[in-house]
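Chain and residue survey
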Amino acid sequence: TIGVAGTGSYTWESTDQLVAEVQSWLDDPDSNFGWIVIGNESSSKTAKRFASRESSSEDAWPQLTIEYSS
């Protein structure tokens, strides 16, 4: 979980659960349904916009960067 405020890029740091989920996608690509971003719907004027891969601007597409070592 990460809070977002204002404009700009956001980074979610690695956790054991995140690593396990990404590994499961590598092991079984058909299980990859992505993640969902859920907003705070209990307050007004809290909407945030995140681009998807369908955005016309490639620079706005979300990125998943995986760093690994053997």
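Residues numbered from 1 in each chain as written. Predicted model: local features only at pLDDT ≥ 70, side-chain atom pairs only at ≥ 80, totals over all residues. Heavy atoms only, no water.

A word on the overall build of the protein. Along its length, the protein carries one helix and zero strands. The C-alpha radius of gyration computed for the protein amounts to 15 Å, which surpasses the reference 11 Å derived for 70 residues by more than 25%, pointing to a less compact arrangement than a globule. Each principal axis of the C-alpha atoms in the protein carries an extent, and together these give about 45 × 30 × 25 Å. Out of the 70 residues belonging to the protein, those deemed buried represent 3%. (Helix = DSSP H or I, 4+ residues; strand = E, 2+ residues; numbered from the N terminus. Rg over C-alpha atoms; globule rule 2.2 N^0.38 Å. Buried < 20%, exposed > 50% of the residue type's maximum accessible area, 1.4 Å probe, protein only.)

The full count for this structure, using the stated rule, is three aromatic pairs. Where Trp25 meets Trp35, the ring centres are 4.7 Å apart and the plane angle is 45 degrees; that geometry is what we call tilted. Taken as a pair, Trp25 in helix 1 (residues 16–27) and Trp35 in the segment after helix 1 lie far apart in primary sequence, 10 residues in all. Taken together through their ring pairs, the aromatic side chains of Tyr10, Trp12 and Phe50 make up a single cluster. (Phe/Tyr/Trp six-rings, centres within 6.5 Å; stacked < 30°, edge-to-face > 60°.)

This brings us to a nonpolar patch on the surface. A cluster of nonpolar side chains, namely Ile2, Trp12, Val37 and Phe50, defines an oily patch on the protein surface of about 370 Å² accessible area. Turning to its location among the elements, Val37 is positioned in the segment after helix 1. Its relative accessible area of 56% is what places Val37 among the exposed residues. (Patch = residues over 30% accessible without salt bridge, like charges linked within 9 Å, V, L, I, M, F, W, Y side chains within 5 Å. Areas by Shrake-Rupley, 256 points an atom, 1.4 Å probe, with all protein chains shown as cover. Salt bridge = Lys/Arg side-chain N within 4 Å of Asp/Glu carboxyl O.)

For Gly3, the position within the fold is in the segment before helix 1. Taking the C-alpha atoms as reference points, Gly3 and Asn40, separated by 37 residues in sequence, lie 9.9 Å from one another.

Another point: the environment of Asp28. Here Asp28 is to be found in the segment after helix 1. In this structure Asp28 comes out as partly exposed when scored by relative accessible area, which is 39%. Separated by 20 residues in the primary sequence, Asp28 and Gly8 have C-alpha atoms spaced 32 Å apart.

This is a description of form; function is not addressed.
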